[in-house]
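# Remarks on the overall topology
This is what each chain is made of:
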Amino acid sequence: MTLAETAEKIKTMEIRGAGKIAREAVSALRDHAETIPRTGDVKTFLRELEYAAGVLLATRPTAVSLPNAIQIVMRDVRNAKTEEAARCILNDKANQFIWSSRTALDRISVMGANHIPNGSVIMTHCNSKAALGSIIEAKNQGKDIEVYATEVRPWNQGRLTIKTLNDNKIPTTYIVDSAVRSMMKDVDLVIVGADAITVNGAVVNKIGTSQIALAAHEARKNVIVTAETYKFAPRTILGELIQIEERPQNEILPDEIAASLPFVKVKNPVFDVTPAEYIDMIITEAGALPPHLAYTIMREYLGWGLDELQNQFLSMEKH
Ligand code: RI2
C-alpha cells in the first residue's frame, strides 16, 4: 500500500482506532522512505519525508496518537547527518514504535483486567483495542463477566465490538446509544479507550463517551479509561485545545433527504470531551493513575513534547 493509499484509508475510516492509526501511519512513513530516490543529500531526503508526514497528519485531526507517533519517529531522524543515517534511524524508530505500541496494549490489557472484579458487568463504547484487550484478558483470567456494548452511531463501530466479544464467548448485550442511562443500573463499571488526553486529565473519545461517564457518575459506577501514553497531548499544556473532528452530514442524513429540508442542518462531531471529574482511573502501560496526574505522564513519557514547548516559549520571549 502506498502512503497516499494509507492516508486515504485513515481519512475514510477504513483504517481506524487511535492506536491503529498511529501504527499504520508510522509503517506507511517507513515504507514510503524506500520509494524516495537516493540522492546522498540528507536535506532533500528530509524534505520529502516531512512532506509525506504532513500528508498523514492531515488525515484526522483529533487522535493525538497520530502526531505523537510521527514525532516520536521523526525527532531523531531530523538530526541525522547523512541520508543513510536518516534512513537507518527512521527504520529503527518506526519498528520500535510499532513494537512498543503493541507491547503497551498487552500491558494495559493485563492491568485493565486486574481492575475488573469477578462477576462484573461492564459497559463499553465504540471499538477500542485497549478497552477490549482488558475485557478479554479478564475473561482469560477466568472471570465471569458480561458486557453492555453500544451501537455507536453513525459508524456502528459497536458491531465490531460485539463481534470480538462474541468470538471470545463473552456474554454481551447490544444497546442503542440513547439507552446508556437506562441500562446503567445493571452495570458495575465502564471501560473505554481514548483518542486524546489533555493535561488536566480530560479524555477525548468517541462521541457519546461523556454522556456515559455522566450517567456512570450519577449512578456511582466507576469509569476506567485505557490509553497508551502516546495518547496524551503535551500541547494542551500551552492551552491548545484538541480539535474535535466533524465528519460529513451525509453520514447521518442522506443528501436527498437533507436537500428536501432546507431549514434543517446536521452536525456530526465524532468525539467529545469527558472532564477529569467523571473519570476514576486512566490505565496506561506505565501504570494506573488518577486523571489529574496526566502531566506526569507527559513529563516522563513525552518529554520531547515539553522540550519543544519550552523552545517555543523561549523564542516567544525574544520577540
Ligand atoms: P484504541 C476510536 O476512534 C474510538 O474513539 C476509540 O475509543 C479510540 O479510537 C481508541 O481506540 P475512531 O478511529 O486505540 O473509531 O484503543 O474514530 O483502539
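Heads up: the structure comes first, above all this text.
Here's what I pulled together on the structure shown here.

Scoring rules and cut-offs
Think of each chain on its own: its residues are numbered from 1, step by step along the sequence as written. In keeping with the predicted nature of the model, local features appear solely for residues at pLDDT of at least 70, side-chain atom pairs appear and are counted solely at 80 or more, and the whole-chain, interface and lining totals rest on all residues. The side-chain figures draw on all heavy atoms in the structure; neither hydrogens nor water molecules are used. The secondary structure listing takes helices from DSSP runs of H or I that are at least 4 residues long and strands from runs of E that are at least 2 residues long, numbered from the N terminus. Buried means the residue's accessible area, taken with a 1.4 Å probe over protein chains only, is under 20% of the maximum for its type, while exposed means over 50%, and partly exposed covers the values in between. By the counting scheme adopted, Arg and Lys are positive, Glu and Asp are negative, and His together with the chain ends is not counted. The salt bridge criterion pairs a side-chain nitrogen of Lys or Arg with a carboxyl oxygen of Asp or Glu, the two atoms within 4 Å. Under the rule applied, a polar contact is a pair of N or O atoms within 3.5 Å (in protein, one hydrogen donor and one hydrogen acceptor; residues adjacent in sequence only if both atoms are side-chain atoms). Whether two residues touch is decided by their heavy atoms; if any such pair falls within 4.5 Å, the residues are in contact. With the strands aimed away from the viewer, a crossover counts as right-handed if its path from the first strand over the helix to the second runs clockwise. By the convention used here, strands pair only if DSSP detects at least 2 bridges between them. Throughout, near means a residue has at least one heavy atom within 4 Å of the molecule or strand. In this count, Pro and Cys sit with the nonpolar residues alongside Ala, Val, Leu, Ile, Met, Phe, Trp and Tyr, while Asp, Glu, Lys and Arg are called charged and the others, Gly among them, polar.

## Brief notes about the side chain of glutamate 285
Here glutamate 285 lies in the loop between strand S9 (281–284) and strand S10 (287–289). Buried charge glutamate 285 goes without a salt bridge, the closest partner of opposite sign being arginine 107 at 6.6 Å. A polar atom in the side chain of glutamate 285 sits 2.5 Å from the side chain of threonine 229. If we ignore the near neighbours within four places in the chain, the residues touching glutamate 285 are Ala104, Arg107, Ile108, Met111, Ala227, Glu228 and Thr229.

## A look at unusual backbone geometry
A cis amide bond links arginine 153 with the next residue in sequence, proline 154, at an omega value of 0 degrees. On the secondary structure map, proline 154 appears in the loop between strand S2 (146–150) and helix H7 (158–167). Although it is not a glycine, cysteine 126 adopts a positive phi angle of roughly 65 degrees. Here cysteine 126 is to be found in the loop between strand S1 (121–124) and helix H6 (129–140).

## Focus: the pairing of S1
Side-chain alternation along S1 places Val121 and Met123 on one buried face and Ile122 and Thr124 on a second face that is also buried. At this point the chain moves from S1, through H6, to the parallel S2, and the crossover so formed is right-handed. As defined by bridge partners, S1 adjoins strand S4 (residues 189–192) across 2 bridges and the pair is classed as parallel. If you follow isoleucine 122 over to S4, its bridge partner there is leucine 189.

## Considerations on the site of the ligand
Neighbouring the ligand are 16 residues; Arg16, Asp195, Asn205, Lys206 and Lys231 lie closest to it. One of the backbone nitrogen or oxygen atoms of lysine 129 is found 2.7 Å away from an oxygen atom of the ligand. A distance of 2.6 Å is found between an oxygen atom of the ligand and a side-chain nitrogen or oxygen belonging to asparagine 205. Contributions of two or more residues to the shell around the ligand are made by helix H2 (18–35), H6 and strand S6 (203–206). The class makeup of the residues in the shell around the ligand is 5 nonpolar, 5 polar and 6 charged.

## Section: the sheet that holds strand S5 (residues 196–197)
With respect to topology, 3 strands assemble into an open sheet ordered S5-S6-S8, the strand pairing being antiparallel. The open sheet has two free edges, formed respectively by S5 and strand S8 (271–274), since each of these has just one partner strand. Note that S5 and S6 share 2 bridges and pair antiparallel. Within the sheet, the bridge partner assigned to isoleucine 197 lies in S6 and is valine 203.

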